[in-house]
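A look at the structure
Okay, here's what each chain looks like letter by letter:
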Amino acid sequence: MTQDRPEGIRDYDAPAGGWGAVKALAQTITRQQILVQGPSTLLRANQPEGFDCPGCAWPDPKHTSSFEFCENGAKAITWESTSRRVGPEFFAEHTVSSLWLQSDHWLEDQGRLTHPVRYNAALDRFEPVEWQEAFDDIGTRLGALDTPDEAEFYTSGRTSNEAAFLYQLFVRNFGTNNFPDCSNMCHEATSVGLPQSIGIGKATVTLEDFDHTDLIISMGHNPGTNHPRMMTTLREVARRGAKIIVFNPMKERALERFEAPQSPLEMVTLTSTPIATTYLQVKVGGDAAALSGVCKALLSLEERARVLDLSPVLDHTFIESHTTGYAALVAGLGALSWTEIERVSGLSRQALEEVAEVYAQAKATIVCYGMGVTQHRTGTTNVQQIANLLLLRGNMGRLGAGISPLRGHSNVQGDRTVGISERPTEAFLDRLRDVFGFEPPRRHGHSVVEAIAAMRDGQSKAIVCLGGNLAIASSDPQACFDAFEKVGLAVHIATKLNRTHLLTKGTCYLLPCLGRTDLDLQASGKQRVTVEDSMSMVHASSGFLTPPSDQLRSEPAIVAGIAKATLGVRSVVDWDALVEDYDRIRDLIEAILPDFEDFNVRVRQPGGFQLPNSAQQRIWKTASGKATFHALTQLEERGATDDPQVLRLTSVRSHDQYNTTIYGLDDRYRGVFGRRDVLFLNEAELTRLGMKEGDVVDVRTALANSRADRVVQGLMLVRHDLPDGCCASYYPESQPLIALEHHDPQSKTPAYKSVPVRIVAAASGRALPITVDRAGVMGRTSVG
Ligand SMILES: Nc1nc2c(c(=O)[nH]1)N[C@H]1C(S)=C(S)[C@@H](COP(=O)(O)OP(=O)(O)OC[C@H]3O[C@@H](n4cnc5c(=O)[nH]c(N)nc54)[C@H](O)[C@@H]3O)O[C@H]1N2
Ligand SMILES: Nc1nc2c(c(=O)[nH]1)N[C@H]1C(S)=C(S)[C@@H](COP(=O)(O)OP(=O)(O)OC[C@H]3O[C@@H](n4cnc5c(=O)[nH]c(N)nc54)[C@H](O)[C@@H]3O)O[C@H]1N2
Ligand SMILES: [Mo]
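Residues numbered from 1 in each chain as written. Chains lettered and ligands numbered in written order. Predicted model: local features only at pLDDT ≥ 70, side-chain atom pairs only at ≥ 80, totals over all residues. Heavy atoms only, no water.

**Thoughts on the site of ligand 2**
What counts is decided by this rule: For this description, a residue counts as near a given molecule or strand if any of its non-hydrogen atoms is within 4 Å of it. Identification of polar contacts relies on pairs of N or O atoms within 3.5 Å, with a donor-acceptor requirement for protein atoms, meaning one able to donate a hydrogen and the other able to accept it, and with residues adjacent in sequence counted only if both atoms are side-chain atoms. Only the protein chains shown count as covering a residue, and every accessible area follows the Shrake-Rupley method with a 1.4 Å probe. Residues were grouped as follows: Ala, Val, Leu, Ile, Met, Phe, Trp, Tyr, Cys and Pro as nonpolar; Asp, Glu, Lys and Arg as charged; and all remaining residues, including Gly, as polar. All domain edges in this entry derive from an automatic or database-based domain assignment.
Near ligand 2 lie 32 residues; those nearest to it are Tyr154, Ala473, Glu555, Thr660 and Tyr731. The contact in question runs from a nitrogen atom of ligand 2 to an N or O atom on the side chain of Thr495, over 3.3 Å. Considered on its own, ligand 2 offers 930 Å² of accessible surface; in the complex 97% of this is hidden by protein. Here the residues of the shell around ligand 2 are counted per class, giving 12 nonpolar, 14 polar and six charged. The residues that make up the shell around ligand 2 include at least three from each of domain 2 (85-186 + 411-605) and domain 4 (647-780).

Structure representation (structure tokens):
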């Protein structure tokens, strides 16, 4: 078979993990030239006295003492601790226009930023600038805006609690709640949907629950690539005989079979552990329908049990004392037809009834989910259907049961907890007022899509980015590029160069910061920062590597520098004193958020501490004071077409990338090597469309009301096990197909995973070379 497949495409028959992962790790270390500091660096990841791995937000087992092998964690760490540098010589050599023509991979691969720089338009180059001069100029420009609401303050989720807390304090002291952040593109559907259901927008489980569960339902996440340490847990769960049901349109190898690099036996004998007991290839965007089907089948089982006088399937005591909305849910499910459920989910009634049977038998169930659930126009609804399913059998707030959204960035959850939110609660703002003695702004601010639109439309005139690569991570690059080129001021606090930094029409600064692995020395000595994982555990992180240059400053120090220069005498805190000793920042966090009681003491305990979680205690902080069922009002996105020429496109991460950071061009478990310009669809669909694997196509958005012609050119068709009517490509290559307005109306999460598209033979008949056109370039950015 393999020799018939196009260049770079092979069959991958092995399990996930195993020797392939070990080999990839060795290659990564060598490539990033960190042989001296490298291997020992890895050993300090996620250790009580080490740094928090920037790879993902999966929690660490209690009192970790042994190194947990993680190929992709290692990539994230070595990528940051590389010995390559991007300094003044680099910028003297390259104009910004010439950098623009490089791939995203190339840009970041040049190494760590070493000096603060400012864009010089006459020379089309970044030039070194003194820190204080940069701060003063940024402060003057922010101060000159007509209102603070004309500035946007973006946060990416690697930022520590300490930096994020200072940032929100500065920005609110300045006068706005414009906090677009990466959560808006990620788990916002969770943050909006879950509080309405269970009163909190976080996981209700801890790692311990996985030892006691007998059923895991995994929806729309790919842990073998994106949360590899979770595979250790899933493997243990599988080996103890608990069931794992997967809902995922793509057959993901790690969810089928996993060979644990930790297990000498599996490694030597080349055996592996089967993970999923049932693998259901739901249609892209079909999750709410599938979940409704399972709930509907569960009600039938309940009815049967009642008639036969068997013990009930539902937890009626829980439903009566803890929930509201049950009657409406039952009515809604009664009105749904199985024909519709089958059509939208792509799954048979029988398959969904079987899931209901297994669920009805399980004593304790956990549902884990990721971007396959949230990044749809129905994202919030999807999340609420998951909560419904769990609530029906009282699977919340008891051992071995609960909901487990898999957070993305390693501290995206912590950033939210300490105040990065465009819609802060009144209680939080009142606390800020009472503790700091100023009146914070009450108007809600902009989320990501609103911030981009405001910049594009000329309402917002400045943006500060604390990390990230917003113009590439967001949907609609054309809108983003216009937006960034319209603002008068763009400030980026970053570790590495990326495409967003090259949008330099106005005044533009790149301010290089320390990363997680770097030693952070301040006046009082070595500092630690803190992060919160997916399960509300807060713990310390301290780097130890010599920073890439003595010019670098920490994120808290840079935020404080900008704050002091911008606010001057209006400052409500002594910024310099806070930077001298981060314990002082933690004291302020504790003063605002009572859950952080004794913060500085508890953060010194190995492994840290867990923040209180109301739903875990069966306390429901919803409007009604009860957990709330949400009847499904909409089975699928409105306006979905049944035109057979229209496929539904989803966008996924490859095994060799971290969001917009492209480490390499392989996607081992999907059998793709040395390229990313691919469109996956199944064999039957290829035949039906009169095409074959290896053909090169153009992909066009098929939204009736779309204003623009959205196209990605030159993708190569690759056959992959996917449901009919669906196709998949890589993020961010698919970005030009997604309009800024194509988002969940409730949470405003971009619908990155549900784009109606048409495919046609490529105009040029072959993959196109990189074009200079700023929209067109996206289709090719990561290649080469
Ligand atoms: N190595 C690595 N680790 C990472 C990241 C990374 O890029 N690289 N990113 C981090 C971040 S910020 C995040 S948010 C997480 C992301 O982690 P994931 O949520 O795993 O992210 P995705 O790769 O986007 O993949 C989602 C999965 O959803 C499936 N899917 C697509 N559409 C649908 C659908 O309609 N329904 C269902 N049920 N499934 C669907 C895809 O087939 C894929 O398996 O990982 C974090 N960790
Ligand atoms: N089509 C599609 N689009 C998506 C997604 C999808 O699944 N499909 N996923 C979305 C999701 S879940 C997310 S979270 C967003 C990600 O959006 P972002 O968080 O904005 O993007 P990243 O690629 O993680 O940001 C990478 C950059 O962060 C900087 N950086 C790295 N480490 C540090 C650090 O320690 N400090 C600072 N200050 N900077 C640092 C580096 O300069 C690097 O270039 O993308 C979203 N976009
Ligand atoms: Mo994310």
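The structure having been displayed, the exposition proceeds.
**Details of the side chain of Arg710**
As a reminder, the rule being used: A run of DSSP states H or I qualifies as a helix once it reaches four residues; a run of E qualifies as a strand once it reaches two. Both are numbered from the N-terminal end. In this analysis, two residues are considered to be in contact whenever any of their non-hydrogen atoms come within 4.5 Å of each other.
Checked against the element boundaries, Arg710 lands in the loop between β28 (696-701) and β29 (711-719). At a separation of 3.2 Å, a polar atom in the side chain of Arg710 contacts the side chain of Asp476. Excluding residues that lie within four positions of it along the chain, Arg710 makes contacts with Asp476, Val699, Arg700, Thr701, Pro736, Leu737, Ile738 and Ala739.

**Some details on helix α19 (residues 349-361)**
Keep this limit in mind: What a helix is expected to span follows from its residue count: subtract one and scale by 1.5 Å. Note on classification: 1.4 Å probe, protein chains only; a residue is buried when its accessible area is under 20% of the maximum for its type, exposed when over 50%, partly exposed between these limits.
Look at α19: 19 Å from first C-alpha to last across 13 residues, which is about the 18 Å you get at 1.5 Å a residue. Of all the positions in α19, only Ala351, Leu352, Val355, Ala356, Tyr359 and Ala360 are classed as buried.

**Considerations on the sheet that holds strand β22 (residues 609-610)**
Whenever strands of a sheet pair, they do so through backbone hydrogen bonds, lying parallel or antiparallel. Definition in use: We treat two strands as partners when DSSP finds at least two bridges between them. Only C-alpha atoms enter the line fits that serve as axes; for helices the fit covers just the stretch in contact. Angles between N-to-C directions range over 0 to 180 degrees.
Pairing within the open sheet is antiparallel, and its three strands lie in the order β20-β21-β22. Bordering the open sheet on either side are β20 (529-532) and β22, each of which pairs with just one other strand. As defined by bridge partners, strand β21 (residues 537-541) adjoins β22 across two bridges and the pair is classed as antiparallel. Its bridge partner lying in β22, Val538 is registered against Phe609. Packing of helix α8 (residues 161-174) onto the sheet brings it into contact with β20 and β21, and relative to β20 it is tilted by some 90°.

**Describing the domain arrangement of the protein chain**
Short version of the rule: Summed over both partners, the accessible surface that disappears when two parts come together, traced with a 1.4 Å probe, is what is meant by buried area. The working definition used for a salt bridge is a side-chain nitrogen of Lys or Arg within 4 Å of a carboxyl oxygen of Asp or Glu.
By the assigned domains, the protein chain splits into domain 1 (2-80), domain 2 (85-186 + 411-605), domain 3 (201-405) and domain 4 (647-780). Once you take the C-alpha centre of each, domain 2 and domain 4 turn out to be 31 Å apart. On the side of domain 4, 27 residues touch domain 2, which itself brings 28 residues to the contact. In total, domain 2 and domain 4 occlude about 2400 Å² of area from one another, counting both sides; carbon and sulfur atoms represent 56% of this. For the salt bridge of Glu741 with Arg456, the shortest nitrogen-to-oxygen distance reads 3.9 Å. Our count for the contact surface shared by domain 2 and domain 4 stands at 10 residue pairs in polar contact (both at pLDDT 80 or more). Listed by contribution, the elements that provide at least two residues to the side of domain 2 that touches domain 4 are α6 (104-109), α24 (448-456), α25 (470-473) and α26 (477-486). When the residues that make up the side of domain 2 that touches domain 4 are grouped by side-chain class, the tally is 13 nonpolar, seven polar and eight charged.

**Quick notes on a nonpolar patch on the surface**
Quick reminder of the rule: Patches here: salt-bridge-free residues with over 30% relative accessible area, like charges joined within 9 Å, nonpolar side chains (Val, Leu, Ile, Met, Phe, Trp, Tyr) joined within 5 Å.
A surface patch of nonpolar side chains, amounting to about 300 Å² of accessible area, comprises Val307, Leu308 and Leu310. Residue position: Leu308 is located in the loop between α15 (287-307) and α16 (316-322).

**Here we look at the site of ligand 1**
Taken together, the neighbourhood of ligand 1 is formed by 32 residues, with Asn248, Glu252, Asp287, Gln657 and Asn659 sitting nearest. Between Met371 and ligand 1, the recorded distance is 2.9 Å, taken from a backbone N or O atom to an oxygen atom. Notes on ligand 1: free accessible area 920 Å², of which the protein chains cover 99%. For the shell around ligand 1, the secondary-structure elements that each account for two or more residues are α11 (223-226), α20 (371-374), β24 (647-652) and β25 (657-658). Considering only residue class, the shell around ligand 1 consists of 10 nonpolar, 18 polar and four charged.

**Thoughts on the environment of Arg442**
Turning to its location among the elements, Arg442 is positioned in the loop between α23 (426-436) and α24. The spatial distance from the C-alpha of Arg442 to the C-alpha of Met267 is 57 Å, given a sequence separation of 175 residues. With near-sequence residues (within four places) excluded, Arg442 lies in contact with Asn177, Glu426, Leu429, Asp430 and Arg433. Among the polar contacts listed, one links the side chain of Arg442 to the side chain of Glu426, at a separation of 2.7 Å. Engagement of the side chain of Arg442 in a polar contact is seen with the side chain of Asp430, the distance being 2.8 Å.

**Here we look at the packing of aromatic side chains**
Note on aromatic pairs: each is described by the distance of the centres and the angle between the planes. We apply this condition: To pair, rings of Phe, Tyr and Trp, with the six-membered ring standing in for Trp, must have centres within 6.5 Å; the planes then decide the type, stacked if under 30 degrees apart, edge-to-face if over 60, and tilted in the middle. The rule is short: NZ of Lys or CZ of Arg within 6 Å of the ring centre and within 35 degrees of the ring normal puts a charge over the ring.
In the structure shown here, the tally under the stated rule is 21 aromatic pairs. Residues Trp79 and Tyr663 carry aromatic rings whose centres are separated by 5.4 Å and whose planes lie at 70° to one another, so their mutual orientation is edge-to-face. Of the two residues, Trp79 is situated in helix α3 (residues 71-80) and Tyr663 in the loop between β26 (661-662) and β27 (678-681); the sequence distance between them amounts to 584 residues. Taken as a pair, Trp79 and Tyr663 share a single burial class, namely buried. With centroids separated by 5.7 Å and ring planes inclined at 65°, the aromatic side chains of Tyr119 and Phe126 adopt a geometry described as edge-to-face. Grouping residues by exposure puts Tyr119 and Phe126 together as buried. Within the aromatic cluster, the residues linked to one another by ring pairs are Phe90, Phe91, Trp106, Tyr119 and Phe126. Sitting above the plane of the Tyr359 ring, Arg393 keeps its charged end 5.6 Å from the centroid.

**Thoughts on the nonpolar core**
Put simply, the rule is: In this description, a nonpolar core means a group of buried Ala, Val, Leu, Ile, Met, Phe, Trp, Tyr and Cys residues linked to one another through side-chain atoms lying within 4.5 Å.
Counting 60 residues, the largest nonpolar core has Phe91, Phe126, Leu497, Leu679 and Ile759 as its most contacted members. Both domains that meet at this core, namely domain 2 (85-186 + 411-605) and domain 4 (647-780), each give it at least three residues. Tyr509, Ala540, Ala560 and Ala563 belong to the second-largest nonpolar core, a separate cluster that totals 59 residues.

**Observations regarding the environment of Val559**
Looking at where Val559 falls in the secondary structure, it is placed in helix α27 (residues 555-567). Residue class for Val559 comes out buried when judged on its relative accessible area of 1%. Residues Val559 and Ala163, 396 residues apart in the sequence, show an inter-C-alpha distance of 7.1 Å. Excluding residues within four positions of it along the chain, Val559 makes contact with Ala163, Leu166, Tyr167 and Leu466.

**Notes on the pairing of β21**
Within β21, four of the five residues are buried, leaving the element largely enclosed by the surrounding structure. Following β20, the chain reverses through four residues before pairing antiparallel with β21; Ser536 in that reversal takes a positive phi of roughly 65°.

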